[in-house]
Amino acid sequence: MTAQPTEALSGTLRLPGDKSISHRALMLGGLAVGETTIDGLLEGEDVLCTAAAMRALGAEIERDENGQWHVWGRGVGGLGEPDNVIDMGNSGTGARLLLGILASHPLTAVLTGDASLRGRPMARVTDPLAACGAEFIARTGGRLPLTVVGSRDPLPLDYELPVPSAQVKSAVLLAGLNAPGDTRVVEREATRDHSERMLAYFGATIRRSEIEIEGCMASEIVLSGQPELTGRPVRVPADPSSAAFPLVAALLLPGSQTRLIGVGMNPQRSGLLTTLQEMGGDIEITNAREEGGEPVADLLVRGGPLEGVEVPAARAPSMIDEYPVLAMAAAAAKGRTVMKGLGELRVKESDRLATVARGLNLCGLEIEEGPDSLTVEGVNGRPPGGNNQPIQTELDHRIAMSFLVLGMASERPVQIDDATPIATSFPDFTKLMQDLGAKLTDV
Ligand SMILES: O=C(O)C1=C[C@@H](OP(=O)(O)O)[C@@H](O)[C@H](O)C1
Ligand SMILES: C=C(OP(=O)(O)O)C(=O)O
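Residues numbered from 1 in each chain as written. Chains lettered and ligands numbered in written order. Predicted model: local features only at pLDDT ≥ 70, side-chain atom pairs only at ≥ 80, totals over all residues.

1. Let's talk about the domain arrangement of the protein chain
Phase 1: Along its sequence, the protein chain is organised into domain 1 (2–16 + 238–441) and domain 2 (19–226).
Phase 2: Put simply, the middle of domain 1 and the middle of domain 2, counted by C-alpha atoms, are 29 Å apart.
Phase 3: Facing the 21 residues of domain 1 at the interface are 22 residues of domain 2.
Phase 4: Of the residues belonging to the side of domain 1 that touches domain 2, the class tally is eight nonpolar, seven polar and six charged. (Domains from an automatic or database assignment. Contact = placed C-beta atoms within 7 Å. Nonpolar A, V, L, I, M, F, W, Y, C, P; charged D, E, K, R; others polar.)

In C-alpha cells:
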C-alpha cells in the first residue's frame, strides 16, 4: 500500500472499539453467569481470535444483525477443555490473558499464533502462573506453541510485576478468579486498568491501594477469589491507540480539521495526547463524559507546527503502543525528540524500536536508536519520504499505519510492504482515512 502526500484532512470520525477492552469483555462475559451484551466491540482479527478461543472453551458467543455481540458465560471455573489447538493469531493480549484463565481451569490446552506471536516471550506470564499449580511446556525461550495443563486445585497468586505490563497483571488476576482467597499483584508503575474496572463491574471484589516499597510508592491490587461474576451490558469506547493515527495525520497537515468521537480517555492510555499537546499540537478535548465505566471525550484536532520534546520514561506505560506514530510526528516537528524507557517496544508484534528506526532512515531521517531509547531529528516541515523501497512492516499493524501516516505528510509517497496486518486492530483504517481525504492506494 502507498500513501501519497496529502494537503489536509477534514471530517468527523467514529473510530473502532478499544482492543484491550474488547478482549476483556469477551473473556469476562465467558466467565460470567448469564448474558453479557457488548456494543461497539472491535471486530478486528485479534479480538475475533479471542471470541473463537472463548467459544472453543464452551462460552456461547453470537453477533446479531445490528452488530451487537452476546456472550452466555460458563461461570468462574466453568470453562471446558478445547478439542483442538487454539490459534491466537497476532494477539499478545489475547494469548497472555487467556493463559491466565486456562492456568486455573482443570484442562489441557495448546496455544499457537502467527509468526510474530510465536516469536514473543510468554515466560513473563507462565512464570508467575506456574505458582497457582499450572504446568506449561513451551518452545525454547518460552515461546508458542505452548501447552498448558491447568491446575485442578488452583492456589491464589502474589506477584510483583518485574516489567510494567497490563497483560501480565491481567493474566495473574484472571488466574486468581478461580482460586480461593486473595490474589495480589503489585505494580510500581501504573499500567492500563481495564481489567480491574471490568472485574469490579462484573461483580468481583477488587481493590487498589497505594503502598510503599523501598521508599517508592507502588500500587497493590487485591482480588477476592471465586466470586460469582454476572453478565452485564458493556459499551466499548473508541480505541485511543487507533485514534492516534488520524490524530497525528491531522496535526501534521496544516489546514486539517478533524473531529474524533467518543475516544477512550483512561489516564493510563492518554500519554500520547499529553505529549502531542506539549509539542504544540492543537487538540481540543470536548464533551468529556463516562461510558461503561471508562472516561471518554471528543477530540477536535487542527493541523499546525509541532516542536520536538523529551518524553520521560515514566510516561511509557500510558502510551506504549503509540511510540511508532509519535516518531512520525517527531520526524516533521521542529528540533529533536527524545523518547526514553522504550525497552518493552522490542517485544511487541515486531521489535518496534528497530522497525521504526530502519523505516525512518529509509525515509531520509536522522535517527538514533539506543537500547531502550529513540531520538528523532525533526525536519520542521515535510520529511523527504520514501525512496521506492517499501518499508518492512514485519506483521506489525502499528508500523504499517504509522508509515502510511508519514507518507501523507512527506514530500514523496511512502510505500509499505504489507497492509494486511492493519486488520488486527483497525480493519476500516484505509476507508476511514480516505473519507478524511487521505490518498491511500493498494499497489
Ligand atoms: O493489556 C493490554 O490490553 C495491553 C497491554 C500492553 O501490553 P503490555 O502489557 O505487554 O505492556 C499493550 O502494548 C497491548 O497492546 C495491550
Ligand atoms: C502490542 C499490541 O498488541 P498485543 O500485545 O495484544 O499483540 C498492540 O496492539 O500494539
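Next comes the rest of the account.
2. A short note on the environment of R232
Phase 1: Assignment of secondary structure puts R232 in the loop between β13 (216–224) and β14 (233–235).
Phase 2: The buried category is assigned to R232, around which 20 C-beta atoms lie within 10 Å.
Phase 3: For R232 and R336, which are 104 residues apart along the polypeptide, the C-alpha to C-alpha distance reads 47 Å.
Phase 4: Beyond its immediate sequence surroundings of up to four residues, R232 is in contact with T36, Y201 and F202. (Helix = DSSP H or I, 4+ residues; strand = E, 2+ residues; numbered from the N terminus. Buried ≥ 20, exposed ≤ 12 C-beta atoms within 10 Å, placed from the backbone.)

3. Quick look at the nonpolar core
Phase 1: Grouped together as the largest cluster of nonpolar side chains are 72 residues, with contacts concentrated most on L247, V248, A249, A327, A329, L404 and V405.
Phase 2: Those residues in contact with V405 that lie beyond four places of it in its chain are F245, V248, A249, V325 and M328.
Phase 3: Core analysis: the second largest hydrophobic core is formed by 65 residues, L31, M54, A95 and V148 among them. (Core = buried A, V, L, I, M, F, W, Y, C linked by C-beta atoms within 7 Å.)

4. Focus: unusual backbone geometry
Phase 1: In this model, L144 is joined to P145 through a cis peptide bond whose omega is -5 degrees.
Phase 2: Tracing the backbone through its elements, the reader meets P145 in strand β9 (residues 143–149).
Phase 3: With a phi angle near 75 degrees, N388 is a residue other than glycine that sits in the positive phi range.
Phase 4: Residue placement: N388 occurs in the loop between β21 (373–379) and α11 (397–408).
Phase 5: N388 gets classed as exposed once you count the C-beta atoms within 10 Å, which come to 7.

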